[in-house]
Amino acid sequence: MRTLVMVLLTLWLSGQSQAEPRRVLAVRGLWYELYQCDSAFAALGGVRSVNVWHSPNSVSGPFPSTAEEMARYDLVILANINGQSLSAEGRALLKWYVAQGGAVLMLGGYYAFGGEYHGTELEEIAPVEFSADPNLVAIPTGARLTPVKGDAQPHVFWRHNIRTKPGATVVLTADEQPLLVTGTFGQGRVAVFAGSVMGDPPAGRLAFWEWSQWPAVLAQAMTWLAPSARARPGKAAVLAQLQAATTGTNAVEQLLEAAAPVADQDFAVVAKALIDSGRLEKVALGLRLLGLSRVSGAKEQLRMAFTKGVTAPPKQSLDDLLADALEHKSSGVDPDLNPTATKAAIEKFQAVQLAAVDGLGWLGDPAALGVLHEIVRQNPARVLAPGEFNESFTEADERRESALIAALRCGDAGAAGPVVDSWMQNLYTLAALKIRGAGAKPADSAVQRSRLVAAHARLTIGLERLPKSVWPAVAKRVAAEEDRWIVPLAFAVFGQAFNNDQALPAEVAAILRQSKLPAVAALAIGASNGN
């Protein structure tokens, strides 16, 4: 018999279809995984999540510092974190965000609520009032969640004392006390779950976090909070932004994400203007847009940029130029053209090369595979022992990663495994750089971290629109991975089908259902049913 929450979930999700997945900022506190947010995300067809990690008095990661950054998210999750960790500025930014139509889900726990929420912006936006004192209450024998129909009897063993505000809606209770409460603030919505994934369930008691329908409850709450992804800029708006960027001084790299789903041949003109600007960040974006536009002659121009930069006149055939560039890989610059190249010039040329490689990938032409395979060969991955991971991210790593994702986009299924491995290594390395940065702070840590964050963002954008011909190969590698960090990759690659009301190919769905990670298997089940 279907539970009440599953019936409600079906009703709430019916008829919804967004071209893009929701963007979620997850501030991950202690025991975050037990809340099963990833499985709830899978029920939504996958999300594009950014993770921030909580420590007792701070957060580590890209928590927004401006209204523009915060407004990019459809949902913010505060999972068992204390109020002081966000700082006064962060709390004020969250209040503004919700007032303007944003959504926040607060999950209870050892660090959450209490005095550090009471009297702050977090209490202002919440549909409940928080006690000024520590307010976690132990329930050794457990309190049953209601209303829940069916045979399952999920229990909570620790909860917070909260008091609902006028107009709030109590969705779930435990011992007749409010447990899941929703409400509005300004134009936005906020939900508070006053339970905690704490306690040792006695025999015969089912913990709510082990209840098979708990992810559906979370998904239902998330759907109410953010019914769909916020409207993204359409083609005309993106073109206007790019046109403004050709003459402005603002950073434009982030526009690639907006352009990727809407770019066509009309983007070739603005791509040329960006390339002709001479400003490195604009040249790099222009080359990537050139690949996305797929206009006639794009392949030749991208291969030329890879070989000689964007200003060198052609002197040889394209094949000869390519061979010449590969021969001089050690310097990154053709010494015949630049006999006195400075370090800055070399770095600029390498950045242009990198953008040209990405452009070739977006072009999707299998004829580029020879070039891309050679780049991978010349920038081999370091051999690691089992359990070992890279503690740095070099220019060679960036070149290899860009060539691999470009090869995958050009239809090389053999690049699937290395691309997924690179994704996982990025996350391990980023964690290592954070730890290192918190200690001695070597001079190169910040540079490497910045390079890695940008490269990983481009990798994610590329994964979101892979040709379906390589999906089975990616699915096999994803299904074989037991580390939870693979879940966002699965969302990026396969969530597009779910979010466009398309069923996953039967072969792909069957592979993913074999995953030992519940969120990956759940995504496959939902998407294979065509929503």
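Our structure's up above, just so we're on the same page.
Source: prediction; values computed, not measured.

The helix and strand inventory of the chain stands at 21 helices and 13 strands. Looking at the chain as a whole, 53% of its 531 residues qualify as buried. Taken as a whole, the chain presents about 22,500 Å² of accessible surface, with 54% of it coming from carbon and sulfur.

With that out of the way, let us pick up the pattern of salt bridges. A full pass over the atoms with the stated rule returns 25 salt bridges. For the salt bridge of Lys 272 with Asp 276, the shortest nitrogen-to-oxygen distance reads 2.6 Å. Of this pair, Lys 272 and Asp 276 both sit in helix 9 (residues 268-276), four residues apart, which is roughly one turn of that helix. Residues Lys 272 and Asp 276 agree in their burial class; the two are exposed. With a shortest N-O distance of 2.7 Å, Arg 477 and Asp 421 are connected by a salt bridge. Remark: Asp 421 occurs in helix 16 (residues 416-437) and Arg 477 occurs in helix 18 (residues 471-480); sequence separation between them is 56 residues. Through salt bridges with shared partners, a single network forms among Arg 23, Arg 48, Arg 72, Glu 257, Glu 464 and Arg 465.

The subject of this paragraph is the sheet that holds strand 8 (residues 154-160). Strand order in the open sheet formed by eleven strands is 3-2-1-4-5-12-11-10-7-8-13, and the pairing between neighbours is mixed. Each having just a single partner strand, strand 3 (58-60) and strand 13 (206-207) make up the two edges of the open sheet.

Relative to the helices and strands, Asp 74 resides in the loop between helix 3 (67-70) and strand 4 (75-79). The exposure class of Asp 74 is buried, given its relative accessible area of 4%. A distance of 2.6 Å separates a polar side-chain atom of Asp 74 from the backbone nitrogen of Arg 23. In contact with Asp 74, other than residues within four places in its own chain, are Pro 21, Arg 22, Arg 23, Tyr 97, Ala 103, Ala 226, Ser 228, Ala 229, Arg 230 and Arg 232.

Structurally, Gly 359 is set in helix 13 (residues 343-363). Residue class for Gly 359 comes out buried when judged on its relative accessible area of 0%. For the pair formed by Gly 359 and Ala 284, sequence separation is 75 residues and the distance between their alpha carbons is 9.2 Å. If we skip the residues at most four places from it in the chain, Gly 359 touches Leu 287, Arg 288, Gly 291 and Leu 302.

This next bit is on the pairing of strand 8. Among the seven residues of strand 8, six are classified as buried, and the element is accordingly described as predominantly covered. Summarising the sheet, strand 7 (residues 136-146) and strand 8 pair through five bridges and their orientation is antiparallel. Paired with Ala 138 across the bridge in strand 8 is Trp 158. Pairing geometry for strand 8 and strand 13, over two bridges, is parallel. Its bridge partner lying in strand 13, His 155 is registered against Ala 207.

One broad rule of soluble globular proteins: the nonpolar side chains tend to lie buried together. With 121 residues, the main nonpolar core has Ile 77, Met 222, Leu 242, Leu 289, Leu 463, Val 474 and Phe 494 as its most contacted residues. Discounting chain neighbours no more than four positions away, the residues touching Ile 77 are Val 24, Leu 25, Ala 26, Val 27, Cys 37, Phe 41, Leu 105, Leu 107 and Met 222. Membership of the second largest hydrophobic core comes to 29 residues, among which are Val 27, Val 76, Ala 112 and Val 190.

We now examine helix 15 (residues 395-409). Taking 1.5 Å of rise per residue, 15 residues should cover 21 Å, and helix 15 covers 21 Å from first to last C-alpha, within 8% of that figure. Buried within helix 15 we find Asp 397, Glu 398, Arg 400, Glu 401, Ser 402, Ala 403, Leu 404, Ile 405, Ala 406, Ala 407, Leu 408 and Arg 409. Looking one or two residues beyond helix 15, the residue adopting positive phi is Gly 411, at roughly 100°.

Moving on to the pairing of strand 2 (residues 48-55). Two faces, one strand: in a regular strand the side chains alternate between the faces of the sheet. Bridge count between strand 1 (residues 23-28) and strand 2: six bridges; the pairing is parallel. Pairing of Ala 26 across the sheet is with Asn 51, part of strand 2. Note that the unit made of strand 1, helix 2 (residues 37-43) and strand 2 has a crossover that is right-handed. Pairing of strand 2 with strand 3, which is carried by three bridges, proceeds in the antiparallel orientation. Directly across from Trp 53, in strand 3, lies its bridge partner Ser 60. In textbook terms, the turn of a hairpin is the stretch between consecutive antiparallel strands, and for strand 2 and strand 3 this stretch comprises two residues.

Okay, helix 11 (residues 298-308) next. In terms of burial, helix 11 is a largely internal element, eight of the eleven residues being buried. Within helix 11, burial applies to Ala 298, Leu 302, Arg 303, Met 304, Ala 305, Phe 306, Thr 307 and Lys 308.

Moving on, we get to the packing of helix 7 (residues 235-247) against helix 10 (residues 280-293). Direction vectors running N to C along helix 7 and helix 10 enclose 145°, while the axes themselves pass 11 Å from each other. Regarding helix 7 and helix 10, the two cross each other, and that crossing is left-handed. Together, Leu 242, Ala 245, Thr 246 and Thr 247 of helix 7 and Lys 282, Leu 285 and Leu 289 of helix 10 make up the contact between the two elements. Here the contact of helix 7 with helix 10 is built from residues that sort into four nonpolar, two polar and one charged.

Here we take up the packing of aromatic side chains. This structure, assessed with the given rule, holds eleven aromatic pairs. The interplanar angle of 70° and the centroid separation of 5.3 Å between the aromatic rings of Tyr 117 and Phe 130 together place this pair among those described as edge-to-face. Within this pair, whereas Tyr 117 is found in the loop between strand 5 (103-107) and helix 5 (121-125), its partner Phe 130 is found in strand 6 (residues 128-130), the two being separated by 13 residues in sequence. Tyr 117 gets classed as buried once you look at its relative accessible area, which sits at 0%. With centroids separated by 5.0 Å and ring planes inclined at 50°, the aromatic side chains of Phe 193 and Trp 214 adopt a geometry described as tilted. Within this pair, whereas Phe 193 is found in strand 12 (residues 188-193), its partner Trp 214 is found in helix 6 (residues 214-225), the two being separated by 21 residues in sequence. The class of Phe 193 is buried, set by a relative accessible area of 1%.

The subject of this paragraph is the packing of helix 14 (residues 369-378) against helix 15. Their axes nearest at 8 Å, the elements helix 14 and helix 15 cross at an angle of 150°. The orientation of helix 14 relative to helix 15 falls into the category roughly antiparallel. The hand of the helix 14/helix 15 crossing is left-handed. For the pair formed by helix 14 and helix 15, the contact residues are Leu 369, Leu 372, Ile 375 and Val 376 on the first element and Arg 399, Arg 400, Ala 403, Leu 404, Ala 406 and Ala 407 on the second. Class assignment for the residues of the contact of helix 14 with helix 15 results in eight nonpolar, no polar and two charged.

Rules of the game
- Residues numbered from 1 in each chain as written.
- Predicted model: local features only at pLDDT ≥ 70, side-chain atom pairs only at ≥ 80, totals over all residues.
- Heavy atoms only, no water.
- Helix = DSSP H or I, 4+ residues; strand = E, 2+ residues; numbered from the N terminus.
- Buried < 20%, exposed > 50% of the residue type's maximum accessible area, 1.4 Å probe, protein only.
- Areas by Shrake-Rupley, 256 points an atom, 1.4 Å probe, with all protein chains shown as cover.
- Salt bridge = Lys/Arg side-chain N within 4 Å of Asp/Glu carboxyl O.
- Pairing = 2+ DSSP bridges.
- Polar contact = N/O pair within 3.5 Å; in protein donor to acceptor, adjacent residues only side chain to side chain.
- Contact = heavy atoms within 4.5 Å.
- Core = buried A, V, L, I, M, F, W, Y, C linked by side-chain atoms within 4.5 Å.
- Expected span 1.5 Å × (residues − 1).
- Right-handed = clockwise from strand over helix to strand, strands pointing away.
- Axes fitted to C-alpha atoms, helices over the stretch in contact; angles between N-to-C directions.
- Left-handed = near helix turned anticlockwise from the far one by under 90°.
- Nonpolar A, V, L, I, M, F, W, Y, C, P; charged D, E, K, R; others polar.
- Phe/Tyr/Trp six-rings, centres within 6.5 Å; stacked < 30°, edge-to-face > 60°.
- Parallel < 35°, antiparallel > 145°, perpendicular 65-115°, else oblique.

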